[in-house]
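# Observations on the model geometry
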Amino acid sequence: MSNAIHYFVNTNGSQGFTSFFQSNFSALNNVIKLENYPGVLVEDIVGKICDRAEERGYDLEIIHNCLDNHVEGVILPQFKSGLINIPAYVDYGYSVSRLIDDEQVQETKDHLLQAHEHFAKAKKIHDEWETIYISNMNFAKLNQFTTNTMLELLGGHTRNRKGSAVHRFFGAATQDGPVDYIDNLTSSVGKRYFIKGRPGTGKSTFLKKLAERAVINGFHVEIYHCSFDPNSLDLIIIRELDFCLFDSTAPHEYFPSRETDEILDFYEVAVDGTTEERYADELAEVSRQYKLEISLAKEEIALANQVKNQAENTIFLQINPNKCKNSINKIMKKIFLKK
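Residues numbered from 1 in each chain as written. Predicted model: local features only at pLDDT ≥ 70, side-chain atom pairs only at ≥ 80, totals over all residues. Heavy atoms only, no water.

### Details of the environment of Gly171
Put simply, the test is: Put simply, DSSP H or I for four residues or longer makes a helix, DSSP E for two residues or longer makes a strand, and each gets a number counted from the N terminus. Throughout, a residue-residue contact means that at least one pair of heavy atoms, one from each residue, lies within 4.5 Å.
As for its placement among the helices and strands, Gly171 is situated in strand β9 (residues 171-174). For the pair Gly171 and Leu292, spaced 121 residues apart in sequence, the C-alpha separation works out to 20 Å. Among all residues touching Gly171, those that are not within four sequence positions of it are Phe8, Val179, Asp180 and Ser227.

### Let's talk about the nonpolar core
Convention followed: As used in this record, nonpolar core signifies buried Ala, Val, Leu, Ile, Met, Phe, Trp, Tyr and Cys residues forming a set joined through side-chain atoms within 4.5 Å. Only protein chains enter the accessibility calculation, which uses a 1.4 Å probe; a residue whose area is less than 20% of its type maximum is buried, one above 50% is exposed, and one in between is partly exposed.
In this structure, Leu154, Phe206, Leu210, Ile236, Ile238, Phe243 and Leu245 are the most contacted members of the largest nonpolar core, which totals 47 residues. For this core, the element with the highest residue contribution is helix α3 (residues 103-134), accounting for 8 residues. When neighbours within four sequence positions are excluded, Leu245 is seen to be in contact with Leu153, Tyr193, Ile195, Phe206, Leu207, Leu210, Asp234, Leu235, Ile236 and Leu264. Of all hydrophobic cores here, the second largest spans 25 residues; its members include Phe20, Leu28, Ile63 and Tyr181.

### Description of the environment of Gly273
Structurally, the position occupied by Gly273 is in the loop between α7 (266-270) and α8 (275-278). On the basis of relative accessibility, which here comes to 61%, the residue Gly273 falls in the exposed class. Sequence separation between Gly273 and Asp127 is 146 residues; the distance between their C-alpha atoms is 20 Å.

### Some points on the packing of aromatic side chains
Applied cut-off: Two aromatic rings from Phe, Tyr or Trp, using only the six-membered ring of Trp, form a pair when their centres are within 6.5 Å; if the ring planes differ by under 30 degrees the pair is stacked, by over 60 it is edge-to-face, and anything between is tilted.
Inspection of every chain in the model, using the stated rule, returns 14 aromatic pairs. Note on Phe119 and Phe228: the rings are 6.2 Å apart at their centroids and 65° apart in plane angle, and the pair reads as edge-to-face. Taken together, the residues span a long stretch of sequence, with Phe119 in helix α3 and Phe228 in the loop between β12 (220-225) and β13 (233-238) at a distance of 109 residues. Plain terms: the ring middles of Phe145 and Phe266 are 5.2 Å apart, the flat faces sit at 90° to each other, and that makes the pair edge-to-face.

### Section: helix α4 (residues 139-154)
Short version of the rule: The span you would expect from a helix comes to 1.5 Å times its residue count less one. This arc describes the spread of directions from the helix axis toward the C-beta atoms. Side-chain atoms alone can form a polar contact between residues adjacent in sequence; in general such a contact is a pair of N or O atoms within 3.5 Å, and within protein one must be able to donate a hydrogen while the other accepts it.
Taking 1.5 Å per residue, 16 residues should reach 22 Å; α4 reaches 22 Å between its end C-alpha atoms and fits that length. Buried within α4 are the following residues: Leu142, Phe145, Thr146, Thr149, Met150, Leu153 and Leu154. All buried residues of α4 lie within an arc of 130° about the axis, which places them on one face of the element. Those residues of α4 that are exposed and angled more than 90 degrees off the buried face are Ala140, Leu151 and Glu152. Contacts made by the buried residues of α4 are with β11 (191-196), α6 (203-216), β13, β14 (243-247), β15 (262-265) and α7. N-capping of α4 is provided by Asn138, with a side-chain oxygen placed 3.1 Å from the backbone N of Ala140. After α4 finishes, the residue Gly156 shows a positive phi value of roughly 85°.

### Concerning the packing of α4 against α6
What counts is decided by this rule: Axes here mean lines fitted to C-alpha atoms, for a helix over just the part in contact, with angles spanning 0 to 180 degrees between N-to-C directions. In this scheme the crossing of two helices becomes right-handed for a clockwise turn of the near helix relative to the far one and left-handed for an anticlockwise turn of less than a right angle. Gly falls in the polar group here, along with every residue not listed as nonpolar (Ala, Val, Leu, Ile, Met, Phe, Trp, Tyr, Cys, Pro) or charged (Asp, Glu, Lys, Arg).
Put simply, α4 and α6 touch, their axes get as near as 11 Å, and they point 35° apart. You can see that α4 and α6 cross each other, and the crossing is right-handed. On α6, the residues touching Thr146, Thr149, Met150, Leu153 and Leu154 of α4 are Phe206, Lys209, Leu210, Arg213 and Ala214. Considered class by class, the residues forming the contact of α4 with α6 number 6 nonpolar, 2 polar and 2 charged.

### Describing the pairing of β9
Note the cut-off: Here, any two strands with at least 2 DSSP bridges between them count as paired.
Alignment of β9 against strand β10 (residues 177-180), held across 4 bridges, turns out to be antiparallel. The residue of β10 that forms the bridge with Ala173 is Pro178. Hairpin connection of β9 to β10: 2 residues between the antiparallel strands.

### Observations regarding the environment of Glu61
Within the element layout of this structure, Glu61 appears in strand β5 (residues 60-64). Here Glu61 falls in the buried class, since its relative accessible area comes to 14%. For the pair Glu61 and Leu76, spaced 15 residues apart in the sequence, the C-alpha separation amounts to 6.5 Å. Apart from residues no more than four positions distant in its own chain, Glu61 is found in contact with Ile5, Tyr7, Gly73, Val74, Ile75, Pro77 and Arg168. Side chain to side chain, Glu61 and Tyr7 meet in a polar contact 2.6 Å long.

### Quick look at the packing of helix α2 (residues 39-56) against helix α10 (residues 321-335)
Applied cut-off: Angle categories: roughly parallel below 35 degrees, roughly antiparallel above 145, roughly perpendicular from 65 to 115, and oblique for all the rest.
For the pair α2 and α10, interaxial distance at closest approach is 11 Å and the crossing angle is 40°. In terms of their interaxial angle, α2 and α10 are classed as oblique. Along this stretch, α2 crosses α10, giving a crossing that reads as right-handed. Within the contact between the two elements, α2 uses Leu41, Asp44, Ile45, Lys48, Ile49 and Arg52 and α10 uses Cys324, Ile328, Ile331, Met332 and Ile335. Its residues assigned to classes, the contact of α2 with α10 comprises 8 nonpolar, no polar and 3 charged.

### Concerning the pattern of salt bridges
Operational definition: Just to be clear on terms, a salt bridge is a Lys or Arg side-chain nitrogen sitting within 4 Å of an Asp or Glu carboxyl oxygen.
The tally for this structure, following the rule as stated, stands at 15 salt bridges. Two residues, Asp247 and Lys203, come together in a salt bridge whose shortest N-O distance is 4.0 Å. Note that Asp247 is positioned in strand β14 and Lys203 in helix α6, a separation of 44 residues in sequence. We classify Lys203 as buried; its relative accessible area is 8%. Of the charged contacts in the structure, one is a salt bridge between Asp272 and Arg278, with a shortest N-O distance of 3.6 Å. Using a relative accessible area of 42% as the deciding quantity, one classes Arg278 as partly exposed. Through salt bridges that share partners, Glu61, Arg168, Glu222 and Arg239 make up one connected network.

Geometry only, nothing functional implied.
Right under this line is the structure:
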């Protein structure tokens, strides 16, 4: 029986389109890049790869599309091989299709640009949101709490080797709203820390410091960035130490469900407890504005995905079944080839 984790390597957020393709694929010996394959065909190919891997007990990393959550790639760690589909609306790769003016591709890009603008506006509003809490924070308490927690988690734990990190997203702002794979990614981790707090209360900064120290100490760290703001971190997993920590606030709010789960509440530790009562009106207004921009961005992503699907359906109807079958057979041989 194989183990499969799910995540995203791309996102549409306040920084525009962001990709961690290189972080996940550069160390592989064998990378198959599909160019603008219809999503239904990609899912068929990845499904066949997964079926064979599961039959033989190989681990899997399944990569999802950030527009509609459909599968767009897969990595087989034991073979150091992977496959990824590069959609026409993404400007990396060297397919001749990127040199051709295509109205549907351009329309998809235009909707995504509109989504990026709404996300950027939401980020400015979010910054205002953070300012309220930052101005009411006891940084001495926060710094002491951060230091103590890092010592508790990493103190004395080192490996006599160079550490490493891989960067990903555990979720995405899709056409159907926020989607995440936190449960899947943390299912085999023994100790889970649920980080609670408010915007600007130091959650991401703490995760960055912990991840950096873990790498220095020689561990491999899975770093999952915020899909809305890729400069911010939402989850780190250190499987060798059997623990993870993640930002467990909206839109990915979770609560402990195991005896070993633990909450780290940055608001309780460092913020004046009267803050939300004193700033109730201001907080309600920034929350309203933020949610509005996020909603508008979601609408544009849905429109982009609709146009993308129309274009893919046109391509799919032109595919020769025999040529397709031969191509899939070649892909299967190549991806399971050990080097």
